[in-house]
Amino acid sequence: MTELFTTAFVAALISGGILAGMPLLLAALGETVSERSGVLNIGLEGMMLMGGYGGFVVALYTNPWLGLAGGLAAGVLTALIMLVFCVRLGLDQIVVGIALLVTAEGITSVLQRAQFGTTYPRLDAMPVFQIPLLSKIPAFGQSLFSQPLIVYIGFALVVVVHWVLGFTSMGLNLRAAGEKPQALDAAGVSVVATRSVAVLVTGGLGGLGGAYMSIVGAGIFVPFMTHGAGFIAIVIAMLARGRALWVLIGAMLFGMSVSLSTALQLVGVNVPQDVVNMLPFVAVMVALIVFARQAYLPAALGSPYTRGSR
Amino acid sequence: MTENAGTSVLGFEPQIGTPSRWSGWRGSLLQGVGPILLGLLAGGVLLLIVGRNPLTFYGTIVNRGLLSPSGVQDSLTRMAPLLFMAAGLIVAFRANIWNIGGDGQFLMAAAVVSGFGPQITGAFPGGLGLAILCGMAAAAGGLWTIVPAMLRAYYGLNEIITSLMMTFVGVNLANLLIKGPFRSQATNVPQTDVIPKDDLLPVIPGTRIHVGILFALVAIAMVHYVMTRTSFGLRLNVLGANPRAAIHVGIDVRRLTIVAFMISGAFIGLAAGIEILGVWGYVRADWNPNFGLTLFALVFLARLNALATVPLVGFYAVISMGATPPPEKQACLTISC
């Protein structure tokens, strides 16, 4: 077993973990914000797909940075639908979420086939940003500290979300909207407005995660490319119980479980592709079964707020 | 849970206190048909964007799926598994159990049926073999829901997530089975052995439609009867409308949750069994018709009414068969068919 943990193996595990884990991290951070405010965003996967497609198209015609911004915007626009139906009109969040997912799957695959169905254009890899000294650390230095700038921004967002949720009045409002919306309403803060902001932030982060997948990760958009990542992100958010730092740990662990198979192939262990595809979901199920008692969701999650109703 | 949590499952509940203009059967009809028209409109806009004429596009679909004699038969054939699946979803959704892992249950059942199919139809004559295989399909589909069901019943863990995760596991596990133990030695393509055509479900005389559609209609009628006329159906409805009330009237919520989940999975497994034993006779690796989430929408348009799913499923069957190009349909061997 010792020769398994070679430098190459560790490096592949870390860089692969970041590559696969970053979209999960971004989306799960978004879902954390949304869940804390009381909106279960089942449409996250759809927002990621829209972000992935929108981001890819913008990046193809301009540059990767505008592409990432475009992905974020596409996610926000998709979240706008969720906002109108679930927060404003108070319809069922699960039904609307699934409808968003199916719609996003349909629209992106039709547009992709119509536009790129024969050409399959690819994007160049994003330039990496070497952090001086740190990137010289043997074994993991190169894979951890020589990444595109967006990776560091993603890590920074963990701190931002952690700070906003825990240490600002906005964060307090968000958590109140999820735990006891009546109290927030009585305090004179609009529950609908608070949840609206949360849903849009989720859409933006989900879209950014999707754009990362297509622009940084794959360099190409293919239909259904998120392949359940949005739902894994929801599980990560659930298990992290609304804490941003745990989201980071969860996302990286799941990212590594995805890249484990690639890393194993590097050292000559061959794994069937179906096992590779199955692995992250088995990991999620095992995590859910083991930590089933610990998974925590806010009290008012999933129920629309109507003033005066109990 | 808020007071209106139960009715909001239906999605369109009127605001409390204001009389609804859309109550009664006319309202229900409008709520069923209206969204479809809006959907067709949105699809038309999308078609315009990609540079197709929506009218000719829809016209072709209707021609192929409904107006041509073979098209109608294909559409009716396609309805059989969809109706079984709709029945399964309604049982779960009525009890407020979000079984959205239908595709995993479907494919696990499909793999089991086609994997054991050739031996069992060979060993048992005619109807008995088919009945055994259908039983196996129902068992496979039902068992694939047990983990999400237990997690929901005992830990209150959100079954949307868990059933969906099990779908991804199931789809890949079915592939592993088809490429591994169930793989046919007769061909290089990764697929199961083919059940001889004579051993498959018989067709309705004078048509190419297999009898599965009749079983499916019986299943739908049965589910409708159980949900509206029996105490078991009432218990499911109570559980769905208000779980706390369900506890107060003495319903064993845990047991009922698991039972409803497994019945739902069993119907979905039967859908796969009927499709394999009626149309295909084998399963090829990476085959996934993705019925699950499509039916999710249809079942909600039908407002969880089993009978109302029949025209909606018929409509979807016409679209899906009409959109399949004829050569693929004839061979019916393609992956997405």
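Residues numbered from 1 in each chain as written. Chains lettered and ligands numbered in written order. Predicted model: local features only at pLDDT ≥ 70, side-chain atom pairs only at ≥ 80, totals over all residues. Heavy atoms only, no water.

Our focus in this paragraph is the overall build of chain B. Counting its secondary structure elements, chain B contains 15 helices and 0 strands. Per-residue burial for chain B yields a buried fraction of 50% across its 337 residues. Taking contacts inside chain B between residues at least 6 apart in sequence as the whole, the part at least 24 apart equals 75%. Summed over all atoms, the accessible surface of chain B reaches about 15,000 Å², with 67% contributed by carbon and sulfur. (Helix = DSSP H or I, 4+ residues; strand = E, 2+ residues; numbered from the N terminus. Buried < 20%, exposed > 50% of the residue type's maximum accessible area, 1.4 Å probe, protein only. Contact = heavy atoms within 4.5 Å. Areas by Shrake-Rupley, 256 points an atom, 1.4 Å probe, with all protein chains shown as cover.)

This part is about the overall build of chain A. Counting its secondary structure elements, chain A contains 12 helices and 2 strands. Reading the secondary structure of chain A in the N-to-C direction produces α-α-α-α-β-α-β-α-α-α-α-α-α-α. The C-alpha radius of gyration computed for chain A amounts to 20 Å, which stays within 12% of the reference 19 Å derived for 310 residues, consistent with globular compactness. Expressed as lengths along the three principal axes of its C-alpha atoms, the size of chain A is roughly 65 × 45 × 40 Å. (Rg over C-alpha atoms; globule rule 2.2 N^0.38 Å.)

Right, let's get into the environment of Ser264 of chain B. Residue and element names in this part refer to chain B. Here Ser264 lies in helix α12 (residues 253–280). Accessibility expressed as a relative area gives 0% for Ser264, which makes it buried. Sequence separation between Ser264 and Gly142 is 122 residues, and the spatial gap between their C-alpha atoms is 7.0 Å. Apart from residues no more than four positions distant in its own chain, Ser264 is found in contact with Gly88, Leu89, Ala92 and Asn99.

With that out of the way, let us pick up helix α3 (residues 54–67) of chain B. Residue and element names in this part refer to chain B. Between the first and last C-alpha of α3 there are 18 Å, a value that for 14 residues agrees with the 20 Å anticipated at 1.5 Å per step. All of the buried residues in α3 are Pro54, Ile61 and Gly65. One face of α3 carries all of its buried residues, which in axial projection span an arc of 40°. For α3, the exposed residues set more than 90 degrees away from the buried face come down to Leu55 and Leu67. On its buried face, α3 sits against α2 (24–49), α4 (69–94) and α14 (306–322). (Expected span 1.5 Å × (residues − 1). Arc of directions from axis to C-beta.)

Residue and element names in this part refer to chain B. Mapped onto the elements of the fold, Thr145 is located in the loop between α6 (126–143) and α7 (146–155). Thr145 sits in the buried class, given a relative accessible area of 0%. Dropping the residues within four chain positions of it, Thr145 is found in contact with Asn99, Gln105, Phe261, Met262 and Gly265.

A few words on the pattern of salt bridges. Taken as a whole and assessed by the stated rule, the structure comprises 3 salt bridges over all chains. In this structure, Asp274 of chain A engages Lys179 of chain B in a salt bridge whose closest nitrogen and oxygen atoms are separated by 2.8 Å. In this pair, Asp274 of chain A sits in helix α12 (residues 273–290) while Lys179 of chain B sits in helix α8 (residues 159–179), so the two residues belong to two different chains. Residue classification places Lys179 of chain B among the partly exposed residues on the basis of a relative accessible area of 32%. (Salt bridge = Lys/Arg side-chain N within 4 Å of Asp/Glu carboxyl O.)

On to the nonpolar core. Across soluble globular proteins, nonpolar side chains have a tendency to be buried as a group. Of all hydrophobic cores here, the largest spans 163 residues; its most connected members are Ile42 of chain A together with Phe93, Phe106, Met165 and Leu295 of chain B. Excluding anything up to four places from it in sequence, Leu295 of chain B contacts Leu82, Met85, Ala86, Leu89 and Val313 of chain B. One finds Met47, Ala79, Met82 and Leu83 of chain A within the second-largest nonpolar core, a separate group that totals 10 residues. (Core = buried A, V, L, I, M, F, W, Y, C linked by side-chain atoms within 4.5 Å.)

Turning our eyes to something else, we now look at unusual backbone geometry. Residue and element names in this part refer to chain B. Unusually for a residue other than glycine, Asp286 sits at a positive phi of about 70°. Structurally, Asp286 can be placed in the loop between α12 and α13 (291–301). Under the relative-accessibility criterion, Asp286 is labelled partly exposed at 44%. Even without being a glycine, Asn290 presents a positive backbone phi close to 55°. With respect to the element layout, Asn290 can be found in the loop between α12 and α13.

Residue and element names in this part refer to chain A. Contact geometry for helix α3 (residues 64–88) and helix α9 (residues 191–218): axes closest at 6 Å, N-to-C directions at 145°. Note that α3 runs across α9; the crossing there is right-handed. Looking at the contact of α3 with α9 residue by residue, the class counts come to 16 nonpolar, 7 polar and 2 charged. (Axes fitted to C-alpha atoms, helices over the stretch in contact; angles between N-to-C directions. Left-handed = near helix turned anticlockwise from the far one by under 90°. Nonpolar A, V, L, I, M, F, W, Y, C, P; charged D, E, K, R; others polar.)

What follows concerns the confidence of the model for chain A. In the predicted model, chain A carries a mean pLDDT of 85, and 93% of its residues have values of at least 70. Confidence, read as mean pLDDT per element, is least for helix α5 (residues 141–145) of chain A in chain A (69) and greatest for helix α2 (residues 44–61) of chain A (94). (pLDDT = per-residue confidence, 0-100.)

What follows concerns a nonpolar patch on the surface. All names here are of chain B. A cluster of nonpolar side chains, Val62, Leu66, Leu67, Val72 and Leu76, forms an exposed patch at the surface whose accessible area comes to about 380 Å². Elements that contribute at least two residues to the nonpolar patch include exactly α3 and α4. Sort the elements by how many residues they give to the nonpolar patch and α3 lands first, with 3 residues. Looking at the element boundaries, Val62 is found in helix α3. (Patch = residues over 30% accessible without salt bridge, like charges linked within 9 Å, V, L, I, M, F, W, Y side chains within 5 Å.)

Let us look at the interface of chain B and chain A. If you look at the interface, chain B gives 32 residues, while chain A gives 38 residues. Taken together, both faces of the contact between chain B and chain A bury some 3,100 Å²; the carbon and sulfur share is 79%. Our count for the contact surface shared by chain B and chain A stands at 2 residue pairs in polar contact (both at pLDDT 80 or more). Looking at the side of chain B that touches chain A, the elements with two or more residues in it are α2, α7, α8 and α13 of chain B. (Buried area = accessible area lost by both parts, 1.4 Å probe. Polar contact = N/O pair within 3.5 Å; in protein donor to acceptor, adjacent residues only side chain to side chain.)

All names here are of chain A. Across its 25 residues, α3 extends 34 Å between first and last C-alpha, which sits within 8% of the 36 Å expected from 1.5 Å per residue. The largest bend in α3 amounts to roughly 30° and is located at Met82. Gly67, Leu68, Gly70, Gly71, Ala74, Gly75, Thr78, Ala79, Met82, Leu83, Cys86 and Val87 are the residues of α3 that are buried. As for α3, its buried residues are in contact with α2, α4 (93–116), α6 (149–167) and α9. (Bend = angle between axes of the 7 residues up to and from the residue.)

Next up on the list: the packing of aromatic side chains. All names here are of chain B. According to the stated counting rule, one finds 14 aromatic pairs over all chains in the structure shown. Judged by centre distance (5.3 Å) and plane angle (75°), the rings of Phe93 and Phe296 are edge-to-face. In this pair, Phe93 sits in helix α4 while Phe296 sits in helix α13, placing the two residues 203 residues apart along the sequence. Here the two residues Phe93 and Phe296 agree in accessibility, since each one is buried. Aromatic rings pair up to connect Phe93, Trp98, Phe296 and Phe300 into one cluster. (Phe/Tyr/Trp six-rings, centres within 6.5 Å; stacked < 30°, edge-to-face > 60°.)

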